[in-house]
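# Working through the structure, step by step
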Amino acid sequence: MCGIIGFAGNLPAKNILIDGLEQLEYRGYDSAGIAVMDPEKGIIIKKKVGRVADLRDAAKDMETSAVTGIGHTRWATHGGVTDVNAHPHRVGQVTLLHNGIIENYRELTVQFGLKDKLVSETDSEVVAAFLDMVYEGDPIAAIRKVVKLLSGSFALCIMFDDQPDKIFSVRNVSPLVAAASKSGAIVASDLTALIAYSKEYFVVPEYHILTLTKEGIKVEDLKGNEISPEILTVNWDISAAQKGGYPHFMLKEIYEQPDALARTIMPRVKDGLPFLLDDGIDDEILKKLKRVNIVACGTAMHAGMVGRTVIENKLRIPVTVDIASEFRYKDPIIDEDTLTIVLSQSGETIDTLEALRLAKRKGSKVLSIVNVKGSTIARESDYVLYTHAGPEIAVASTKAYTVQISAMYLLACRIAIVKGIFSEDEARSFIKNLENVGELIKETLLNANNIKRIANFIKIAPDVFYIGRGIDYTMSLEASLKLKEISYIHAEAYAAGELKHGTISLIEEGVPVISEGVPVIAIATDEAVYSKVISNIREVKSRGAYVILISHDENIDDATICDKQIKLPEADATFSVFATAAVLQLIAYYVSDAKGLDVDKPRNLAKSVTVE
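A few points on the structure. (Residues numbered from 1 in each chain as written. Predicted model: local features only at pLDDT ≥ 70, side-chain atom pairs only at ≥ 80, totals over all residues. Heavy atoms only, no water.)

With 22 residues, helix α19 (residues 573–594) should cover 32 Å at 1.5 Å per step; its first-to-last C-alpha distance of 30 Å lies within 8% of that length. Of all the bends in α19, the largest measures some 30° and sits at A579. Among the 22 residues that make up α19, 20 are buried, leaving the element largely enclosed by the rest of the structure. Between the side-chain oxygen at the start of α19 and the backbone nitrogen of T574 there is a gap of 2.8 Å, and the oxygen is on D572. Phi for G596, located one or two positions after α19, is positive at around 75°. (Helix = DSSP H or I, 4+ residues; strand = E, 2+ residues; numbered from the N terminus. Expected span 1.5 Å × (residues − 1). Bend = angle between axes of the 7 residues up to and from the residue. Buried < 20%, exposed > 50% of the residue type's maximum accessible area, 1.4 Å probe, protein only. Polar contact = N/O pair within 3.5 Å; in protein donor to acceptor, adjacent residues only side chain to side chain.)

Laid out in structure tokens, this is it:
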């Protein structure tokens, strides 16, 4: 999603803006630009298709003493990837950048006769033209008029020619955070751009107008009432958003999982049992629930599917898992006895947020599992379980996924206790196993070189298939997503028992450039269905597949079962998912790296999806 930064202070703005945009690169973008307010030359704009590094090069000859400016990384929605469509946009006295989608931009263009003012194909420039049309010297009054007529999501940063060294900002849905520091006032789409200047920040309230100057930040609602926002504190430093010697953020974040899990699990265990009262989650809401709805997108949805397996198998409570974008547009079965659990790393995922709102309208209590304190989803939920993964920079989620699973496990165990499903001894045993999952991942990562060698074979495959049963099938779904999103290899996950119902026809010998056959990655960690999975493996092996087996077995030397094996540490299948996840993440990482691709910033993808 687009990145935004605005700075008004005491330091040269150009480098602060470009440095901030580099911190926001992980969000995904196709062009970048800055606008600064020079005291002698007025507004100076530089924008360019490509990376922020290209913008930095283009701005080398941009001599300015400006201490105020705005910057943007664009992810194209309305209009192609061109320099003209890049932000910021300037119309008359207004210079503006925008994150989100203005749904009624065509209507506004016609209604207010803005067409002749426009040079780009974007919905964003329409807002700039509209603001310029209504502006009569009072920025706040103009912004009020405009935002009341905008439909859709937006985060805006605005400069007016006759308002020296001031930035104005307002949002609806699209995220913005802000901070005041000794260097000046700063607003950004997320914390990574401002953490270098302040550890104290606030989430910009929706439909509140910010005025940023070197003296600080004024926040007022649309009626002109000044408010004091809740100040939050970042619990990580700038080094957490840097590579720290790793070649890519994704690899660093894979290796950070044991620590992230410890930070998420350990503070919520007291006397060997899960304790959620410090999170404001009282036992009463858990005791009366009769069903659970889990709603999320992408990787977070797959974490929810792992949670469903544990809740249904251990607790015998019915659970549904919905893709948030589908949940929004159906009539879900929800009542006051339903607990809706939403999962989102950023806490700003637009479809998940709207699903949350729908669930609340239908009478369900909502518990969110999110990584970002003060995010919109967290603020609008009845209960929040914060994961403590720290910043996740790579687009492909790794540590956020496993900490979401751990949060689901803590919640499942607490429900089991309050409903009398687990005895105290059973609960202690469950938590003891959960406390050990970081060690399982550490042991698994010792096998990285073997996994890398296997990945070097997979890199030349046009297709890769994953198979498993039960919880292993759920892991296969996430594995196939990981591989396809960063390596661009066509990957699919199949329930192993469904092979004979059609999908086995995809298995063939000697596909082009791979004489051994199509790669099939089989996961077999669940003792209850292990023999069945082995039978399924033999079926694909006999048809020419090249099989990579992920299991607990000692080294298997049986060519009818597998060609390569990745051995997992011994653990119950319920807790093996953490080790399995690390293996599958490393496979995807090493395949992408071996192909020479941009592991952290795969094409066409954004880290946080804040527009539909």
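The discussion continues.
Right, let's get into the packing of helix α15 (residues 437–445) against α19. Two numbers describe how α15 lies on α19: the axes approach to 8 Å, and their chain directions differ by 35°. The element α15 and its partner α19 pack so that their crossing is right-handed. Two secondary-structure elements touch here, α15 through V437, L440, I441, T444 and L445 and α19 through F575, F578, A579, A582, V583 and L586. Grouping the constituent residues of the contact of α15 with α19 by class yields ten nonpolar, one polar and no charged. (Axes fitted to C-alpha atoms, helices over the stretch in contact; angles between N-to-C directions. Left-handed = near helix turned anticlockwise from the far one by under 90°. Contact = heavy atoms within 4.5 Å. Nonpolar A, V, L, I, M, F, W, Y, C, P; charged D, E, K, R; others polar.)

Another aspect to go through is the nonpolar core. Counting 103 residues, the largest nonpolar core has I341, Y409, I458, Y466 and I587 as its most contacted members. When residues in this core are grouped by element, the largest group, 15 residues, is from α19. Among residues more than four places away in sequence, those in contact with I341 are V292, N293, I294, V295, L367, I369, M408 and L411. One finds A59, I186, A188 and I195 within the second-largest nonpolar core, a separate group that totals 30 residues. (Core = buried A, V, L, I, M, F, W, Y, C linked by side-chain atoms within 4.5 Å.)

One way to put it is that helix α4 (residues 123–134) packs onto helix α5 (residues 139–147) with a least axis distance of 9 Å and a crossing angle of 130°. Classified by the interaxial angle, the pair formed by α4 and α5 is oblique. Here α4 and α5 pass one another in a crossing that is right-handed. Contact residues: α4 offers V127, F130, L131 and V134, while α5 offers A142, I143, K145 and V146. Along the lines of polarity and charge, the residues of the contact of α4 with α5 split into seven nonpolar, no polar and one charged. (Parallel < 35°, antiparallel > 145°, perpendicular 65-115°, else oblique.)

Another point: the side chain of T299. By secondary structure assignment, the location of T299 is in helix α9 (residues 298–315). There is a polar contact of 3.1 Å between the side chain of T299 and the side chain of E478. When residues no more than four places from it in sequence are discounted, the contact partners of T299 are S397, Y401, E478, L481 and K482.

Here we take up the packing of aromatic side chains. Under the counting rule described, the total for this entry stands at 13 aromatic pairs. Taking the centre distance of 5.1 Å and the plane angle of 65° together, the rings of F430 and F575 count as edge-to-face. Here F575 lies in helix α19 and F430 lies in helix α14 (residues 424–435), a separation of 145 residues in the sequence. The two residues F430 and F575 agree in class, both being buried. With a centroid separation of 5.2 Å and 70° between ring planes, the pair formed by Y589 and Y590 is classed as edge-to-face. In terms of burial, Y589 and Y590 fall into one category: buried. (Phe/Tyr/Trp six-rings, centres within 6.5 Å; stacked < 30°, edge-to-face > 60°.)

Glancing now at the sheet that holds strand β22 (residues 463–468). Taken in spatial order, the five strands make up an open sheet running β23-β22-β24-β25-β26, and their pairing is parallel. Only two strands of the sheet have a single partner each, and these edge strands are β23 (490–495) and β26 (564–567). Ignoring strand direction, the axes of neighbouring strands in this sheet form an average angle of 20°. Sheet topology note: the strand β24 (residues 519–524)/strand β25 (residues 546–551) ladder contains six bridges and is parallel. In the strand pairing of β25, V520 is matched with V547. Lying over the sheet, helix α16 (residues 448–458) contacts β22, β24, β25 and β26, oriented at roughly 145° with respect to β26. (Pairing = 2+ DSSP bridges.)

What follows concerns the pairing of strand β13 (residues 216–221). Sheet analysis places strand β12 (residues 208–213) next to β13, joined by six bridges and oriented antiparallel. Paired with I209 across the two strands is E220, which belongs to β13. Connecting β12 to the antiparallel partner β13 that follows it, the hairpin turn spans two residues.

What follows concerns the sheet that holds strand β17 (residues 291–296). Here five strands make up an open sheet; going across it, the order is β18-β17-β19-β20-β21 and the pairing parallel. The sheet is open, and its two edges are formed by β18 (319–323) and β21 (383–386), each paired on a single side. Direction aside, the axes of adjacent strands within the sheet are offset by 20° on average. Where α9 meets the sheet, its contacts fall on β17, β18 and β19 (338–344), and the angle it forms with β18 comes to roughly 170°. Sitting on the sheet, helix α13 (residues 399–418) touches β17, β19, β20 (365–370) and β21, and the angle it makes with β19 is about 160°.

Note the cis peptide between H87 and P88, where omega equals 0°. Along the chain, P88 turns up in the loop between β4 (68–74) and β5 (89–91). At V173, a residue that is not glycine, the phi angle is positive and equals roughly 70°. In this structure, V173 sits in the loop between β8 (167–172) and β9 (177–181).

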